[in-house]
Amino acid sequence: DQQVKQNSPSLSVQEGRISILNCDYTNSMFDYFLWYKKYPAEGPTFLISISSIKDKNEDGRFTVFLNKSAKHLSLHIVPSQPGDSAVYFCAASLNSGGSNYKLTFGKGTLLTVNP
Amino acid sequence: DGGITQSPKYLFRKEGQNVTLSCEQNLNHDAMYWYRQDPGQGLRLIYYSQIVNDFQKGDIAEGYSVSREKKESFPLTVTSAQKNPTAFYLCASSILAGYEQYFGPGTRLTVT
């Protein structure tokens, strides 16, 4: 049973436009969410995170939005650049109660930014 | 230059052989993790360790073993009992369990 779902396996956008990557989760106890970027044959790179006490976190071109009632988060990349082309993983964890060892990952979305 | 190193990048083994994947970090992180990635799949947790001399099974620990004798090292042994060992293996660490995890470059293991 997938607790973190990325329903779009791929997304293609034009350079300069906005990329929106979506992620849904089922476990309402998750209280910390992260986005990772991964190039082929490399380890994932941490991008941005958000705690459940917030609904938005911004870092340069990257913004993550969290809608707790809908159990949905999204990553916005503006403007998109060809170097952003990669697989993006959404991850969630329980950051309280001492059981915070584990990140649960989605299956990833392949973003292609076309010049 | 702080980071996580995994060696080798590519590893080939014959079926029935045990193989050990190396993971070293010089970030002074307490927690370390091993994941496996298969095509079209997310990352699945094999084992994790929150402190030296302690480790716990993740979601898919069968056929794997680990040790954590030093803070900076967390080697993973893929045993002959692992039915589908061919995969991309990723090691990660975090300052404490539950914080952002930082990943190594990965080892692609092929067993034939």
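Residues numbered from 1 in each chain as written. Chains lettered and ligands numbered in written order. Predicted model: local features only at pLDDT ≥ 70, side-chain atom pairs only at ≥ 80, totals over all residues. Heavy atoms only, no water.

A.B. asks: Any chance you could explain a nonpolar patch on the surface here in plain terms?
C.D. replies: All names here are of chain A. On the surface, Ile18, Ile20 and Val78 cluster together into a nonpolar patch covering about 220 Å² of accessible area. Considering the arrangement of structural elements, one finds Ile20 in strand S3 (residues 19-25). Given the relative accessible area of 36%, Ile20 is considered partly exposed. (Patch = residues over 30% accessible without salt bridge, like charges linked within 9 Å, V, L, I, M, F, W, Y side chains within 5 Å. Areas by Shrake-Rupley, 256 points an atom, 1.4 Å probe, with all protein chains shown as cover. Salt bridge = Lys/Arg side-chain N within 4 Å of Asp/Glu carboxyl O. Helix = DSSP H or I, 4+ residues; strand = E, 2+ residues; numbered from the N terminus. Buried < 20%, exposed > 50% of the residue type's maximum accessible area, 1.4 Å probe, protein only.)

A.B. asks: Sorry, what's going on with the state of the cysteines here?
C.D. replies: In protein structure, a disulfide is the covalent linkage between the sulfur atoms of two cysteines. Evaluated as defined, the whole model comprises 2 disulfides over all chains. In this model, Cys23 of chain A is linked to Cys90 of chain A through a disulfide, with the two sulfur atoms separated by 2.1 Å. Since a negative S-S torsion denotes a left-handed disulfide, the Cys23 of chain A-Cys90 of chain A link at about -75° is left-handed. Separated by 67 residues along the polypeptide, Cys23 of chain A in strand S3 and Cys90 of chain A in strand S9 (residues 86-93) bring together distant segments of the chain. Note on cysteine connectivity: Cys23 of chain B is disulfide-linked to Cys91 of chain B, with sulfurs 1.8 Å apart. Because the torsion about its S-S bond is -70°, the bridge between Cys23 of chain B and Cys91 of chain B counts as left-handed. With Cys23 of chain B in strand S3 (residues 19-25) and Cys91 of chain B in strand S9 (residues 87-94), the pair connects residues that are 68 residues apart, well separated along the chain. (Disulfide = S-S within 2.5 Å.)

A.B. asks: How should I be thinking about the pattern of salt bridges in this particular structure?
C.D. replies: When the charged atoms of two side chains lie near each other, side chains of opposite charge can form a pair. Per the stated rule, a full pass over the model turns up 5 salt bridges over all chains. Of the charged contacts, one joins Lys56 of chain A and Glu58 of chain A as a salt bridge, the two residues approaching to 3.9 Å between their closest N and O atoms. We classify Lys56 of chain A as partly exposed; its relative accessible area is 43%. Here Arg44 of chain B ties to Asp38 of chain B by a salt bridge, and the two come within 2.7 Å at their closest N and O atoms. The partly exposed category is assigned to Arg44 of chain B, whose relative accessible area is 34%. Ionic contacts of the salt-bridge type, sharing partners, join the residues Arg36, Asp38 and Arg44 of chain B into one network.

A.B. asks: Looking at this structure, I do not really get the sheet that holds strand S1 (residues 4-5) of chain A. What am I missing?
C.D. replies: Strands in a sheet are paired, the pairing made by backbone hydrogen bonds, and the direction either parallel or antiparallel. On the basis of which strands lie adjacent, the open sheet formed by 5 strands has the order S1-S3-S8-S7-S6 (chain A) and antiparallel pairing. Of all strands in the sheet, those with a lone pairing partner are S1 and strand S6 (56-59) of chain A, marking the two edges. (Pairing = 2+ DSSP bridges.)

A.B. asks: Even after reading the chapter, I still don't get the interface of chain B and chain A, so can you show me in this structure?
C.D. replies: Where interface size is quoted, it is often the accessible area lost as the parts come together. Every contact between the two is made by 22 residues of chain B and, on the other side, 20 residues of chain A. Both sides of the chain B and chain A interface together cover about 1,700 Å² of buried area, and 56% of this is carbon and sulfur. Linking chain B to chain A there are 0 salt bridges. Where chain B touches chain A, the interface holds 6 residue pairs in polar contact (both at pLDDT 80 or more). Among the elements of the structure, strand S4 (31-37), strand S5 (43-51), S9 and strand S10 (102-103) of chain B are those that each provide at least two residues to the side of chain B that touches chain A. (Contact = heavy atoms within 4.5 Å. Buried area = accessible area lost by both parts, 1.4 Å probe. Polar contact = N/O pair within 3.5 Å; in protein donor to acceptor, adjacent residues only side chain to side chain.)

A.B. asks: Sorry, what's going on with the packing of aromatic side chains here?
C.D. replies: Each pair of aromatic rings is reported with the distance of its centres and the angle of its planes. As enumerated under the stated definition, the model contains 13 aromatic pairs over all chains in all. Here the aromatic rings of Tyr25 of chain A and Phe30 of chain A are separated by 6.3 Å at their centres, their planes lie at 65°, and the arrangement is edge-to-face. Like Tyr25 of chain A, the residue Phe30 of chain A is buried in the burial classification. Taking 5.4 Å as the distance between ring centres and 90° as the angle between the ring planes, the aromatic pair formed by Tyr36 of chain A and Phe103 of chain B counts as edge-to-face. (Phe/Tyr/Trp six-rings, centres within 6.5 Å; stacked < 30°, edge-to-face > 60°.)

Nothing here speaks to function; it is all geometry.
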